[in-house]
Amino acid sequence: MRIRLIMLISALLLCFAIAPVGAGKRRGAPAPAPAAPQSGSFVLVMHGGAGSYTDATPERLEPARAAITKALEAGRDILARGGSSLDAVEAAQRVMEDSGVFDAGRGAYYTRDGVPEMDAAIMDGRTLAAGAVASVQHIAHPISLARMVMERTKHVLLVGPGAEEFAKSQGIALVSPYYFFNERRWKSFQEKQAAEEKPKAGGEPPNEIYGTTGALALDKAGNLAAATTTGGTTYKMPGRVGDSPLIGAGTYANNESCAVSGTGVGEYFIRNVVAADICARVKYLHVSLEQAANDVVMKELVEQHGEGGVIALDRAGHVATPFNTHGMMHGVVRSDGNITIETFKP
Ligand code: ASP
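Bear in mind that the values here come from a model prediction, so they are computed numbers and not experimental data.

Criteria and thresholds
Each residue is numbered by its place in its chain's sequence as written, counting from 1. With pLDDT at 70 or above as the cut-off, local features in this predicted model cover only qualifying residues; side-chain atom pairs require 80 or more to be listed or tallied, and sums for whole chains, interfaces and linings still use all residues. The side-chain figures draw on all heavy atoms in the structure; neither hydrogens nor water molecules are used. Put simply, DSSP H or I for four residues or longer makes a helix, DSSP E for two residues or longer makes a strand, and each gets a number counted from the N terminus. Relative accessibility decides the category of a residue: with a 1.4 Å probe and only protein chains considered, values under 20% of the type maximum give buried, values over 50% give exposed, and everything between is partly exposed. In what follows, a contact means two residues having at least one pair of non-hydrogen atoms within 4.5 Å. The Shrake-Rupley method, run with a 1.4 Å probe sphere, supplies the accessible areas, and residue values consider only the shown protein chains as cover. A pair of strands counts as paired when DSSP detects no fewer than two bridges linking them. Inter-axis angles, ranging from 0 to 180 degrees, are taken between N-to-C directions of lines fitted to C-alpha atoms, where helices are fitted over the stretch in contact. Oblique is the label for any angle not under 35 degrees, not over 145, and not in the 65 to 115 range, which are roughly parallel, roughly antiparallel and roughly perpendicular in turn. Left-handed describes a crossing in which the near helix is turned anticlockwise from the far one by less than a right angle; the clockwise case is right-handed. When residue character is reported, Ala, Val, Leu, Ile, Met, Phe, Trp, Tyr, Cys and Pro are called nonpolar, Asp, Glu, Lys and Arg charged, and the others, Gly included, polar. Here the term patch refers to residues with relative accessible area over 30% and no salt bridge, with like charges joined within 9 Å and nonpolar side chains (Val, Leu, Ile, Met, Phe, Trp, Tyr) within 5 Å. For this document, the term salt bridge refers to a Lys or Arg side-chain nitrogen within 4 Å of an Asp or Glu carboxyl oxygen. When the strands point away from the viewer and the path from the first strand over the helix to the second turns clockwise, the crossover is right-handed. The disulfide definition used here is simple: a pair of cysteine sulfur atoms within 2.5 Å. By convention in these notes, a residue is near a molecule or strand provided one of its non-hydrogen atoms lies within 4 Å of it. Here a polar contact is recorded for every N or O atom pair within 3.5 Å, except that within protein the pair must consist of a potential hydrogen donor and a potential acceptor, and residues adjacent in sequence are included only if both atoms are side-chain atoms.

1. Considering the overall build of the protein
On a plain count of helices and strands, the protein comes out with 11 helices and 12 strands. In the protein, which comprises 346 residues, the proportion classed as buried is 51%. Summarising the internal contacts of the protein: among those between residues at least 6 apart in sequence, 69% fall at separations of at least 24. Of the roughly 16300 Å² of accessible surface on the protein, 56% is carried by carbon and sulfur atoms.

Here it is, written out as structure tokens:
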């Protein structure tokens, strides 16, 4: 009898020991199936900034559409031949930085001192490695410098002269601020300056499209990457750093949840850690990418009057592009090679 009792207790203990961890938690609510990447397919999503497009005439929009198309093509070609999502987002962003029509590289806004200061970040969703630079004034391709910070230092973010010293040490030639001279941006800087000095006489300067650029990719191996590059907001204070180079605020990628790049008034994105919040909702609340992105951009940010939008991508190839502004230029290309670009809500 005693032996039987001992055997029964042992059997019960064994049952508890081999029960899967977390089985109790799942009782009643089936766990959602993890997003499975479709092997061999790829996606590249980009934005060219959220903001007011009220004065965006066709003459102004066309060069932007042409530039984002060229950037999507550059990234698409890399992904189509089996290249990595990191290579694709970097290549696409370099095209945007060269274009002079977005708020990045040659199109970067001027600070109040009349000099462009740029921020950029890149993140690898497979390893969570990340690199960023902020307040650089002499770097033609801040996104590539951000990648070097990620791959060649043990740090995540380098700023100002320290970042530029590091660039020199890596063989990157520093360029003069004149390299970034952009007539339209200069005119807008002068208008802001006049309005600041004589608010009544100058009147309100015209509305600006924010124009930061972001790229997210899912490669054929199923890895996500995110990159954002910007000149920040118009007429910002020298030394001001926005959300774009802050991992989790304006840029984030994690294979376990999603990749996000933000655009808008960076201070709100920083305070709300927007990119990381969207991915955390996907990961812990098991909501769809679209719901997570919408809840943050169209509810949380709207309640605080935080203007902006995001692009978001998960490993199953779902894309979300919510924006609470008048417009946000964004484009998508998938394995079929077709590029679609939208600026306004349908
Ligand atoms: N988010 C950027 C910043 O605040 C600006 C933008 O999206 O255009 O620096």
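2. Observations concerning the sheet that holds strand β9 (residues 308–313)
Taking strand neighbours across the sheet as the criterion, the 4 strands line up as β7-β8-β9-β10 in an open arrangement whose pairing is antiparallel. Whereas interior strands pair on both sides, the edge strands pair on one side only; in this sheet they are β7 (251–253) and β10 (319–320). Here β7 pairs with strand β8 (residues 259–264) via 3 bridges, running antiparallel. Directly across from Y252, in β8, lies its bridge partner V260. Here helix α11 (residues 289–303) sits on the sheet and contacts β9 and β10; the angle it forms with β9, its principal contact strand, is near 165°.

3. Describing the packing of helix α10 (residues 274–285) against α11
Across the interface, α10 lies against α11 with an axial gap of 8 Å and an inter-helix angle of 135°. With respect to α11, the element α10 is oriented oblique. In this structure, the crossing between α10 and α11 has a hand that is right-handed. From α10, V274, D277, I278, R281 and V282 reach across to α11, where they touch L289, A292, A293, D295, V296, E300 and L301. Grouping the amino acids of the contact of α10 with α11 by side-chain chemistry returns 8 nonpolar, no polar and 4 charged.

4. Quick word on a nonpolar patch on the surface
On the surface, a cluster of nonpolar side chains totalling about 280 Å² of accessible area is made up of V156, L157, V159 and I247. The residue I247 is located in the loop between β6 (224–230) and β7 in this model.

5. Focus: the pairing of strand β3 (residues 130–136)
Along any regular strand the residues' side chains alternate between the sheet's two faces. Taking burial as the measure, the 7 residues of β3 include 7 buried ones, the bulk of the element. Bridging between strand β2 (residues 118–124) and β3 involves 5 bridges; their strand directions are antiparallel. Paired with M123 across the two strands is A130, which belongs to β3. Between β2 and β3, which pair antiparallel in sequence order, lie 5 residues; one of them, L128, sits at a positive phi of approximately 65°. Taking the sense of rotation as the criterion, the β-α-β connection linking β3, helix α5 (residues 142–152) and strand β4 (residues 157–159) turns out left-handed.

6. Topic: the pattern of salt bridges
Once the charged atoms of two side chains with opposite charge are near each other, the side chains can pair. One pass over the full model with this rule turns up 11 salt bridges. With a closest N to O distance of 2.7 Å, R147 and D87 form a salt bridge. Within this pair, whereas R147 is found in helix α5, its partner D87 is found in helix α4 (residues 85–99), the two being separated by 60 residues in sequence. On the basis of relative accessibility, which here comes to 11%, the residue R147 falls in the buried class. Residue classification places D87 among the partly exposed residues on the basis of a relative accessible area of 33%. A salt bridge links E267 to R240; the nearest nitrogen and oxygen atoms lie 2.9 Å apart. Taken together, the residues E267 in helix α9 (residues 266–271) and R240 in the loop between β6 and β7 connect sequence positions 27 residues apart. In this structure E267 comes out as partly exposed when scored by relative accessible area, which is 28%. R240 gets classed as buried once you look at its relative accessible area, which sits at 13%. Within this structure, D87, E90, R147 and E151 form a network of salt bridges that share partners.

7. Here we look at the state of the cysteines
Note: disulfide means a covalent bond formed between the sulfur atoms of two cysteine side chains. Counted according to the given criterion, the structure contains 1 disulfide. Between the sulfur atoms of C258 and its disulfide mate C279 the distance is 2.3 Å. Because the torsion about its S-S bond is -110°, the bridge between C258 and C279 counts as left-handed. Of the two residues, C258 is situated in the loop between β7 and β8 and C279 in helix α10; the sequence distance between them amounts to 21 residues. Each member of the pair C258 and C279 is classed as buried.

8. Details of the site of the ligand
Residues in contact with the ligand, as listed here, are Y210, G211, T212, G232, T233, R240, G242, D243, T263, G264 and G266. Backbone polar atom of G264 to an oxygen atom of the ligand: 2.7 Å apart, as the coordinates give it. Across the complex, the protein chains shield 100% of the 270 Å² of accessible surface that the ligand would expose by itself. Here the shell around the ligand is composed, by residue class, of 1 nonpolar, 8 polar and 2 charged.

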